[in-house]
Amino acid sequence: MIICIFEVMERCYLREIVCESFKKAESEIPSHSRYALAMHIADKTTLSSKTLERAYNKYVSNKESKYKNINDSSVNLLCEYLGYENYKEYVKANPVNKKPKESTAGPLNSTRDDKVNKRSALIIIVLLICALGAAVYFFSQAPGSQTEKCMVWVKTEYQLIDCTTNLPPEYRTQILPYDKNKLKNFKKVEVTMVTNFFDEITSKPLLWYCKNNDEIEYFSSPGLHPVTGKTLRAITPYIIEKYVPLHSNNKSSFINE
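Residues numbered from 1 in each chain as written. Predicted model: local features only at pLDDT ≥ 70, side-chain atom pairs only at ≥ 80, totals over all residues. Heavy atoms only, no water.

Student: What is the right way to look at the overall build of the chain in this model?
Tutor: Secondary structure summary: the chain contains nine helices and seven strands in total. Here the chain holds 257 residues, and the buried ones make up 33% of them. Across the chain, the fraction of contacts at a sequence separation of at least 24, relative to all contacts at a separation of at least 6, is 54%. Working note: accessible area of the chain is about 17,000 Å², and carbon and sulfur atoms make up 54% of it. (Helix = DSSP H or I, 4+ residues; strand = E, 2+ residues; numbered from the N terminus. Buried < 20%, exposed > 50% of the residue type's maximum accessible area, 1.4 Å probe, protein only. Contact = heavy atoms within 4.5 Å. Areas by Shrake-Rupley, 256 points an atom, 1.4 Å probe, with all protein chains shown as cover.)

Student: What am I meant to see in the pairing of strand S1 (residues 149-154) here?
Tutor: Working note: regular strand, side chains alternate between the two faces of the sheet. Among the six residues of S1, five are classified as buried, and the element is accordingly described as predominantly covered. Taking the residues between adjacent antiparallel strands as the criterion, S1 and strand S2 (residues 157-162) are bridged by two residues, where Lys-155 takes a positive phi near 60°. One ladder, built from two bridges, connects S1 with strand S3 (residues 176-177); its direction is antiparallel. Along S3, the bridge assignment pairs Cys-150 with Pro-177. (Pairing = 2+ DSSP bridges.)

Student: What should I look at first to understand the confidence of the model for the chain in this one?
Tutor: Atom-level detail of predicted coordinates should not be read off regions where pLDDT is low. On average, the chain scores 79 in pLDDT, and the residues at 70 or more come to 74%. For the chain, the element scoring lowest by mean pLDDT is helix H9 (residues 251-256), at 42; strand S7 (residues 233-234) scores highest, at 95. Counting interchain partners and residues more than four positions distant, the pLDDT-below-50 stretch residues 247-257 has seven contacts. (pLDDT = per-residue confidence, 0-100.)

Student: Just checking my understanding: could you explain the state of the cysteines for this structure?
Tutor: What we call a disulfide is simply a covalent bond connecting the sulfur atoms of a pair of cysteines. Tallied over the entire structure, the rule returns one disulfide. Here Cys-150 is linked by a disulfide to Cys-163, with a sulfur-sulfur distance of 2.0 Å. An S-S torsion of about 100° defines the bridge between Cys-150 and Cys-163 as right-handed. Residue Cys-150 is found in strand S1, and its partner Cys-163 is found in the loop between S2 and S3; the two are separated by 13 residues along the sequence. Judged by its relative accessible area of 8%, Cys-150 falls in the buried class. (Disulfide = S-S within 2.5 Å.)

Student: In this structure, what is going on with the sheet that holds strand S5 (residues 208-212)? I would like to understand it.
Tutor: In sheet architecture, strand pairing relies on hydrogen bonds along the backbone and comes in two forms, parallel and antiparallel. Judged by pairing direction, the sheet is antiparallel, and its four strands sit side by side in the order S4-S6-S5-S7 without closing on themselves. In this open sheet, the two edge strands, each paired with only one partner strand, are strand S4 (188-189) and S7. Here S5 runs beside strand S6 (residues 215-219); their pairing, made up of five bridges, is antiparallel. Bridged to Lys-211 within S6 is Ile-216.

Student: What exactly am I supposed to notice about the packing of aromatic side chains here?
Tutor: Two descriptors summarise a pair of aromatic rings, namely the distance from one centre to the other and the angle between the planes of the rings. Here the structure, examined in full by the defined rule, presents nine aromatic pairs. Arranged with centres 5.0 Å apart and planes meeting at 80°, the rings of Tyr-84 and Tyr-90 form a pair that is edge-to-face. With a relative accessible area of 1%, Tyr-90 lands in the buried category. A ring pair is formed by Trp-153 and Tyr-158, whose centres lie 5.0 Å apart and whose planes are at 75°; its orientation type is edge-to-face. Note on Trp-153: relative accessible area 6%, which makes it buried. Through successive ring pairs, a cluster of aromatic residues spans Tyr-13, Tyr-84, Tyr-87 and Tyr-90. Against the face of Tyr-59 rests Lys-58, its NZ or CZ located 5.8 Å from the ring centre. (Phe/Tyr/Trp six-rings, centres within 6.5 Å; stacked < 30°, edge-to-face > 60°. Lys NZ or Arg CZ within 6 Å of the ring centre and 35° of its normal.)

Student: Any chance you could explain the pattern of salt bridges here in plain terms?
Tutor: A side chain of one charge can pair with a side chain of the opposite charge when the charged atoms of the two come close. Summed over all chains, the structure comprises three salt bridges. Here Glu-157 makes a salt bridge to Lys-187, at a shortest N to O gap of 3.1 Å. Separated by 30 residues along the polypeptide, Glu-157 in strand S2 and Lys-187 in the loop between helix H7 (180-185) and S4 bring together distant segments of the chain. Close ionic contact of Glu-217 with Lys-188 constitutes a salt bridge, the shortest N to O distance being 3.0 Å. Here Glu-217 is found in strand S6, whereas its partner Lys-188 is found in strand S4, with 29 residues between them in sequence. Among the residues examined, Lys-188 registers a relative accessible area of 25% and is labelled partly exposed. (Salt bridge = Lys/Arg side-chain N within 4 Å of Asp/Glu carboxyl O.)

Student: Which parts of the structure should I look at to understand the sheet that holds S3?
Tutor: Strand order in this open sheet of three strands is S2-S1-S3, and the pairing throughout is antiparallel. Of all the strands in the sheet, the pair left with one neighbour each is S2 and S3.

Student: Honestly, unusual backbone geometry in this entry has me stumped. Any pointers?
Tutor: Only a minority of non-glycine residues have a phi that is not negative, and only a minority of peptide bonds are not trans. Phi is positive for Thr-46, which is not a glycine, with a value near 75°. Examined against the element boundaries, Thr-46 turns out to sit in the loop between helix H2 (34-45) and helix H3 (49-59). Thr-46 gets classed as exposed once you look at its relative accessible area, which sits at 71%. Positive phi outside glycine occurs at Ser-203, with the angle close to 65°. Note on placement: Ser-203 falls in the loop between S4 and S5. Judged by relative accessible area, which is 51%, Ser-203 ranks as exposed.

Okay, here's the thing in structure tokens:
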């Protein structure tokens, strides 16, 4: 939905830029044929007249839908022709909800201007519909709604459940409100001698531990133990040396470090 909004907005701006460029050309040369106008703009911008005619057919006349989109450098050149520094400055000076400019190119363009204004109004309606659809989708799919979804600790990680679920006694954990960060990042992990315990650049701990029934348990994030509620502590070299299982062939090298 969000992508749809941006695509429609961009096409709206590209159409207006191409249309305004041809209108400006009409005020600068006596001949108002499509070919003559394109040649005049090409001479002023270094763009090819063929590219300009195709851009007009694609964005204004809607005759060449298969023609590829005009590239960024070409758009910037047209914006410079219209008196703007680049496309970004054009968008800034011409917001979508800005009142359409009055035509100064004469009565021959009145019908075309009416069509452009109608298309602009239609695009605004499409944008509003897309925005409404995106909002409805977001709120209907958001798992963070605590009235509908919760989470519970299952062996080594949190899992989503319905908040009304009755857990069997063997779970020994309480149902918690949905927490996106904890659901994604808080895990119980098994460690070995090849585990990275500290960040190689910052030296900050990457694991946290808690002693539970004479056993050390390791977790990927700080917080509370999901079963006992004890506060987890950051890993230290002492805990690694004392509790991490050592193989006979690398024990001495580890201690020397």
